[in-house]
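Structural description and commentary
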Amino acid sequence: MANEWDPQQFKAGARAAGASDKMIAGALSTASAIKDVHADLPVVFTLGHLAHLTDVSLAELDRIVRRRVDPYRVFRLKKRGTPKAGNAPPRRYRTICVPTPNLMRAQRWIAQNILNVITPHSASYAFAPKVKMRDAAVRHVNATWLVKVDVRHFFESITERQVYRFFRSLAYPALLSFELARLCTRLPPKWENYGGAPPTDEGPRGTSGLTYPSRLQGTLPQGAPTSPMLANHVVRDLDVALAQLAKLRGWRYTRYADDMHFSRSGESDREQAVTLSRDVQRQLTLANLRANRQKTSITPPGARKIVLGLLVDTARPRLNRQFRNNVETHIYALTHPKVGVLAHQQARGFASIIGMRRHIEGLVGYAGQIDRAYGDWLKARLSTVVW
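Everything in this summary refers to the structure shown in the same document. Small disclaimer: the values here were computed from a predicted structure and weren't measured.

Rules behind the numbers
Residues numbered from 1 in each chain as written. Predicted model: local features only at pLDDT ≥ 70, side-chain atom pairs only at ≥ 80, totals over all residues. Heavy atoms only, no water. Helix = DSSP H or I, 4+ residues; strand = E, 2+ residues; numbered from the N terminus. Buried < 20%, exposed > 50% of the residue type's maximum accessible area, 1.4 Å probe, protein only. Contact = heavy atoms within 4.5 Å. Areas by Shrake-Rupley, 256 points an atom, 1.4 Å probe, with all protein chains shown as cover. Pairing = 2+ DSSP bridges. Arc of directions from axis to C-beta. Axes fitted to C-alpha atoms, helices over the stretch in contact; angles between N-to-C directions. Parallel < 35°, antiparallel > 145°, perpendicular 65-115°, else oblique. Left-handed = near helix turned anticlockwise from the far one by under 90°. Nonpolar A, V, L, I, M, F, W, Y, C, P; charged D, E, K, R; others polar. Core = buried A, V, L, I, M, F, W, Y, C linked by side-chain atoms within 4.5 Å. Salt bridge = Lys/Arg side-chain N within 4 Å of Asp/Glu carboxyl O.

Turning to the overall build of the protein chain, a few remarks are in order. Looking only at helices and strands, the protein chain features 15 helices and ten strands. Each of the 387 residues in the protein chain was classed as buried or not, and the buried ones make up 44%. Within the protein chain, counting contacts between residues at least 6 apart in sequence, those at least 24 apart form 69% of the total. Element-wise, carbon and sulfur atoms account for 51% of the exposed surface of the protein chain, whose accessible area totals about 20,400 Å².

What follows is the structure, encoded as structure tokens:
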């Protein structure tokens, strides 16, 4: 999204408002630095300026930055599947943090106008505009060997400090970068009852002249609209390192959020695959991330190669049997005279018929992206359902 900036108009307006030449020169220098990073980035000087752009009050943003409130509604969603046995206790729930309406508004503005402007690494396929899950699977077609590495607690491992450094890399002022990082992160559980009081040291000064507590380090909350692309941008150096590692050894690499896939079409052996997996985990450690060993796997020739739910051991991605069985079971139940819409909704635990319908239509639409003929067949059967 283009964000226009007219330095002459700003200079005229600033002088009319009584700003000093020194202040105007500093602001123009900051704006020029931001536009040098990317012409479509918006020029933002202060938290007050951001409040004006997002139509959220400065007082509310300031309270959030100071950690005086927890502006999130937190709940847990049960994860699918049963974890394999291992040394670490299984984490069966995913914590979702939904921001308040005003913070949601501010975060969506940040995501649309700043985060989505910057292109992530070419190996990163999740959340970026106009990028589809299928695109990641295409990179691995005709795979004979497949190594999958899953990142443990991906979003929660991205720290406020890392987010601050990303905004600074876009040439935003230091204080504003700190405040943007605070708006996009949330205190981990151990700080939830801290009350926002500063521990012992002090951080940078805020808009009201008071200091921000600097030791209240937040992490990315899963559920905030800013978290997905921030995670992509923060781990860009990791993507660079892993793409280079894979290329030097004749493998292909993609990352879809916390799912990393490495494949090759030529000959290899288990020893090479194991070595690659270990080296990838070392790179994760250097990036302050950890692999989830329960979900790390090596798939040799002769076994099904699945990337993001799609089979990639042939010349084009294909839907796997589990997906087909699932969507066909939905449609069978919906069209069966002894089951029907209401009974199926209750049996599957959907909150509403509308929600169930959207979910199933999404599955059918996705099937059509991968296999048009099969998608058309599903769509025709779904059209006979009496909702």
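Having put the structure on the table, let's press on.
Pairing in this open sheet of three strands is antiparallel, and the strands run β8-β9-β10 from one edge to the other. At either margin of the open sheet sits one strand with a lone partner, and together these are β8 (306-307) and β10 (318-319). Of the pairings in the sheet, the one linking strand β9 (residues 310-311) to β10 comprises two bridges and is antiparallel in character. Bridge pairing links leucine 311 to arginine 318 in β10.

This part is about unusual backbone geometry. Positive phi outside glycine occurs at asparagine 142, with the angle close to 60°. For asparagine 142, the position within the fold is in the loop between α6 (133-138) and β3 (145-152).

What helix α7 (residues 160-169) keeps buried is the set Glu160, Gln162, Val163, Phe166 and Phe167. One face of α7 carries all of its buried residues, which in axial projection span an arc of 160°. On its buried face, α7 sits against α5 (101-115), α8 (174-183) and α9 (227-234). Alanine 171 occupies a position one or two residues after α7 and carries a positive phi of about 75°.

Let us look at the packing of helix α10 (residues 236-248) against helix α11 (residues 270-286). Between α10 and α11, the least distance of the axes is 10 Å, while the angle of their chain directions is 160°. Considering the angle they form, α10 stands roughly antiparallel to α11. Crossing angle aside, the handedness with which α10 passes α11 is right-handed. Between α10, through Leu238, Ala241, Leu242 and Leu245, and α11, the contact on the second element is made entirely by Leu276, Asp279, Val280, Gln283 and Leu284. Looking at the contact of α10 with α11 residue by residue, the classes come out as seven nonpolar, one polar and one charged.

Before going further, it helps to examine the nonpolar core. Grouped together as the largest cluster of nonpolar side chains are 62 residues, with contacts concentrated most on Ile114, Leu115, Phe167, Met260 and Phe262. Residues in contact with methionine 260, not counting those within four places in the same chain, are Val147, Lys148, Val149, Val151, Leu238, Leu242, Tyr253, Thr254, Arg255 and Leu284. In terms of nonpolar packing, the next biggest core, distinct from the first, is built from 26 residues, Ala137, Leu310, Phe323 and Leu382 among them.

Running from amino to carboxyl end, helix α14 (residues 353-370) crosses helix α15 (residues 372-382) at an angle of 155°, the nearest separation of the two axes being 6 Å. Judged on the interaxial angle alone, α15 and α14 are roughly antiparallel. Regarding α14 and α15, the two cross each other, and that crossing is left-handed. Taken together, the residues of α15 that come into contact with α14 (itself represented by Ile360, Glu361, Val364, Ala367, Gly368 and Ile370) are Arg372, Tyr374, Gly375, Leu378, Lys379 and Leu382. For the contact of α14 with α15, the per-class residue count stands at seven nonpolar, two polar and three charged.

Relative to the elements of secondary structure, tyrosine 164 occurs in helix α7. With relative accessibility at 27%, the residue tyrosine 164 sits in the partly exposed group. When neighbours within four sequence positions are excluded, tyrosine 164 is seen to be in contact with Ala174, Ser177, Phe178 and Ala181.

Our focus in this paragraph is the pattern of salt bridges. Overall, the coordinates contain ten salt bridges when judged by the stated rule. In this structure, aspartate 239 engages arginine 255 in a salt bridge whose closest nitrogen and oxygen atoms are separated by 2.9 Å. Pair noted here: aspartate 239 is in helix α10 and arginine 255 is in strand β4 (residues 252-256), with a separation of 16 residues, a long-range link. For the pair aspartate 239 and arginine 255, one class covers both residues: buried. Residue arginine 324 pairs with aspartate 371 through a salt bridge whose shortest N-O separation is 3.6 Å. Linking arginine 324 in helix α12 (residues 321-335) with aspartate 371 in the loop between α14 and α15, this pair joins segments that are 47 residues apart in sequence. Look at the salt bridges and you will find they share partners, linking Arg67, Glu160 and Arg182 into a network.

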